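# Coordinates in review
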Amino acid sequence: SQELEQSPQSLIVQEGKNLTINCTSSKTLYGLYWYKQKYGEGLIFLMMLQKGGEEKSHEKITAKLDEKKQQSSLHITASQPSHAGIYLCGADKGNAGNMLTFGGGTRLMVKP
Amino acid sequence: EPEVTQTPSHQVTQMGQEVILRCVPISNHLYFYWYRQILGQKVEFLVSFYNNEISEKSEIFDDQFSVERPDGSNFTLKIRSTKLEDSAMYFCASSGDRTYEQYFGPGTRLTVT
């Protein structure tokens, strides 16, 4: 079965700083998803990457997929307190309707 | 903006009781899912549902669990005889036919006492 490892597990940054979260898969990555979760709440969809080398951005958040390394990274530029939360990566098996396997999450705190 | 909704937000039940968790997926979506997250642990897949049947299920989804789409809008997860270890946040999700993105509901926190 596929395992996703996220690093770091937690991160505290000063407001305005940039940061990167990594997600490494034990198997080939097909669809890679990034979600944000506030403690005790639902998962908010951020973006999905499907092709090697693909890069997507939403506001100040950019995600990349490195198929060869079986890895994805999430980069936040000029972090704000509103970016605080738990970031989860998830992976499917390449087909519509597939289950998602999730990583353990990265807890981000942004100090004002 | 369309969203997945779930009811109730919090359910407390006694061990051995049956519970039904309800979800209204995004209206034009065709794939429906249930996941759960035990406090402090990873989000885990339970089951996926397409074209009125289960398309995939995990080892967690044993005979105590069932899913149903009783009408054109609701999607339910039933746990027949709850156990203490069923205490978790249960998330419903849905996705469309042409895009793979899965959109999650806010979750139902199930507490089994």
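Here we summarise the structure given alongside this text. (Residues numbered from 1 in each chain as written. Chains lettered and ligands numbered in written order. Predicted model: local features only at pLDDT ≥ 70, side-chain atom pairs only at ≥ 80, totals over all residues. Heavy atoms only, no water.)

## Quick notes on the environment of Asp97 of chain B
Mapped onto the elements of the fold, Asp97 of chain B is located in the loop between strand S9 (88-95) and strand S10 (103-104). Along the primary structure Asp97 of chain B and Leu30 of chain B are separated by 67 residues, whereas in three dimensions their C-alpha atoms are 6.1 Å apart. Setting aside anything within four residues of it in sequence, one finds Asp97 of chain B in contact with Ala96 of chain A together with Leu30 and Tyr31 of chain B. (Helix = DSSP H or I, 4+ residues; strand = E, 2+ residues; numbered from the N terminus. Contact = heavy atoms within 4.5 Å.)

## Regarding the sheet that holds strand S7 (residues 65-68) of chain B
Residue and element names in this part refer to chain B. Ordered in space as S1-S3-S8-S7, the four strands form an open sheet in which the pairing is antiparallel. Each of the sheet's edge strands pairs with one partner strand only, and the pair in question is strand S1 (5-7) and S7. Averaged over neighbouring strand pairs, the angle between their axes works out to 20° when direction is ignored. As defined by bridge partners, strand S3 (residues 19-24) adjoins strand S8 (residues 75-79) across five bridges and the pair is classed as antiparallel. Paired with Arg22 across the bridge in S8 is Thr76. (Pairing = 2+ DSSP bridges. Axes fitted to C-alpha atoms, helices over the stretch in contact; angles between N-to-C directions.)

## Side note on unusual backbone geometry
Following Ser7 of chain A, the chain continues into Pro8 of chain A via a peptide bond in cis, with omega recorded as -10°. With respect to the helices and strands, Pro8 of chain A occurs in the loop between strand S1 (4-7) and strand S2 (10-14). A cis amide bond, omega -10°, links Thr7 of chain B with the succeeding residue Pro8 of chain B. Position of Pro8 of chain B relative to the elements: it lies in the loop between S1 and strand S2 (10-13). For Gln70 of chain A, which is not glycine, the phi dihedral falls at a positive 50°. Here Gln70 of chain A is to be found in the loop between strand S7 (61-66) and strand S8 (71-76).

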